[in-house]
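Below, each chain spelled out in residue letters.
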Amino acid sequence: MSDTIQGHGQAALRTRVRETKFCTACGACVNLCPYQAYYQDEVVTLHVCDLQEGRCFAFCPRTATDLDSLRARLFDPQDLTPEIGAVKDYSICRAADEKIRRQAQHGGTVSALMSLALEEGIIDTAVVAQGGDRFTHQGVAVGEAAEVRKRGKSKFIAAGTIAAFNRAAQSDSQKIGVVATPCQALALAKMRMKPFPEKDNNIDKLKLVVGLFCGWTLSWKKLIPLLKTRTNLEEIVGMDIPPGKGQVAVFTQTGAIAIPWEEIDPLVREGCRICLDTTAEFADISVGSARLPEDWETLRSWNQVIVRTKTGQDLIDLARKKGILEFREVPAEVLEELKKAALNKKRTALKTIMEKTGTPEDLIYVDRRDSVICRILG
Ligand SMILES: Cc1cc2nc3c(=O)[nH]c(=O)nc-3n(C[C@H](O)[C@H](O)[C@H](O)COP(=O)(O)OP(=O)(O)OC[C@H]3O[C@@H](n4cnc5c(N)ncnc54)[C@H](O)[C@@H]3O)c2cc1C
Ligand code: SF4
Ligand code: SF4
């Protein structure tokens, strides 16, 4: 980490994060002020701001981040693991309601949990992602469970969801839940530290973060020309990453198109190549696709779920009690496999970071003295 968040605003964010292409398009720097906007999957400057100490810079997941302090603030120390963060509970489950599963990416656990949180009054607003025209993607705040369920499925393009959180936090919403990728959950965790206590963007309204496992997102600008060579954008109904096949599957109204990894890799956002987090370590609950020794068609309808906080545990316990989720036995090796994959991502990201900076002492946004990084780098 070459820097601190003190004394930096929009100009530093532009030169150190956006121009270097470290930006993850999380949306955290949008809707805090009228000066920046989210367009397609980029942040654009509408007006220049000369404020020296900006929340945009402080909340960004690619500016100086003290991961140990965030862990200490948010989690029980005995739950922490170096590979995947805090683990209170780990399970394989899915939405019991088949209608939810049909509209979802995998087992519909995310949609089921967010719906339950709304129905039980744990939150009054859910911030999720929704598709726009020409295969764009952005965050939206909704107040009804049915609206959450309509917006299931994953799109591997950044959605700038935290911009929608910033807007909702300034509205009448009092209890907000957010579905967040790991970098988005990190931005929310940085907000929770209240680096500028007198202007904390109403972060106390944030009551729930449901994280998504995430390997990478693709640049919208680069993906669209590729997709257009294979299908009409309007015909696409989903996309996924079947395990072990080295390809991305794009589902259309008439069937599935396989795009080999060699064509996908150049489209990955540069900001994802320095990402250390696979499992949304700063969420209350994190959800990914199940990885079991079974065929993909069976696996696709299940999720693996990490519970990290008491908020997350209370919600999953409620879902179990009410029969909202159904659970299945977890083979012992599955969690170990997940830890191995997550550690690999950290190692690869650290290697890429050090190639960029030329020294292990400057890790761009994380601290060389961080406890997890010390374990990896020695
Ligand atoms: C960019 C990306 C990369 C992923 N990579 C992996 C991976 O490597 N390994 C793995 O196991 N799982 C990965 N996932 C998670 C996986 O695709 C599913 O989201 C997860 O298994 C939950 O399934 P579900 O059926 O419960 O979700 P659903 O019930 O369908 O809910 C999905 C939720 O995610 C929101 N969402 C969709 N796309 C985005 C986005 N781009 N940004 C923010 N929110 C979004 C939707 O609005 C919805 O609320 C990734 C997800 C995304 C978005
Ligand atoms: S990573 Fe997020 S906060 Fe940082 S510049 Fe990009 S959109 Fe803004
Ligand atoms: S790989 Fe990391 S930086 Fe990229 S979208 Fe996923 S969480 Fe964000």
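Residues numbered from 1 in each chain as written. Chains lettered and ligands numbered in written order. Predicted model: local features only at pLDDT ≥ 70, side-chain atom pairs only at ≥ 80, totals over all residues. Heavy atoms only, no water.

Here we come to the packing of aromatic side chains. Enumeration over the complete set of coordinates arrives at three aromatic pairs. Aromatic side chains Phe75 and Phe282 sit 6.0 Å apart centroid to centroid with 45° between the ring planes, which places their arrangement in the tilted category. Separated by 207 residues along the polypeptide, Phe75 in the loop between α3 (67–74) and β3 (80–81) and Phe282 in the loop between α10 (261–264) and β13 (285–289) bring together distant segments of the chain. Phe282 shares its class with Phe75; the two are buried. Pairwise contacts between aromatic rings join Phe156, Trp216 and Trp261 into one cluster. (Phe/Tyr/Trp six-rings, centres within 6.5 Å; stacked < 30°, edge-to-face > 60°. Helix = DSSP H or I, 4+ residues; strand = E, 2+ residues; numbered from the N terminus. Buried < 20%, exposed > 50% of the residue type's maximum accessible area, 1.4 Å probe, protein only.)

What surrounds ligand 1 is a group of 33 residues, the closest being His106, Gly108, Ser111, Lys153 and Ser154. The backbone of Lys155 places a nitrogen or oxygen atom 2.9 Å from a nitrogen atom of ligand 1. Contact distances for ligand 1 include 2.9 Å between a nitrogen atom and a backbone N or O atom of Ile157. About the coverage of ligand 1: the protein hides 95% of its 900 Å² of free accessible area. If you list the elements that add at least two residues to the shell around ligand 1, you get α5 (109–119), β6 (125–131) and β13. Here the shell around ligand 1 is composed, by residue class, of 13 nonpolar, 17 polar and three charged. (Near = heavy atom within 4 Å. Polar contact = N/O pair within 3.5 Å; in protein donor to acceptor, adjacent residues only side chain to side chain. Areas by Shrake-Rupley, 256 points an atom, 1.4 Å probe, with all protein chains shown as cover. Nonpolar A, V, L, I, M, F, W, Y, C, P; charged D, E, K, R; others polar.)

Turning next to the packing of α3 against helix α8 (residues 182–192). Where α3 meets α8, the closest approach of the two axes is 10 Å, and the angle between their N-to-C directions is 75°. In this view, α3 runs roughly perpendicular relative to α8, as classed from their interaxial angle. Along the contact surface, α3 presents Leu67, Leu70, Arg73 and Leu74, while α8 presents Leu186, Ala189, Lys190 and Arg192. Taken together, the residues of the contact of α3 with α8 sort by class into five nonpolar, no polar and three charged. (Axes fitted to C-alpha atoms, helices over the stretch in contact; angles between N-to-C directions. Parallel < 35°, antiparallel > 145°, perpendicular 65-115°, else oblique. Contact = heavy atoms within 4.5 Å.)

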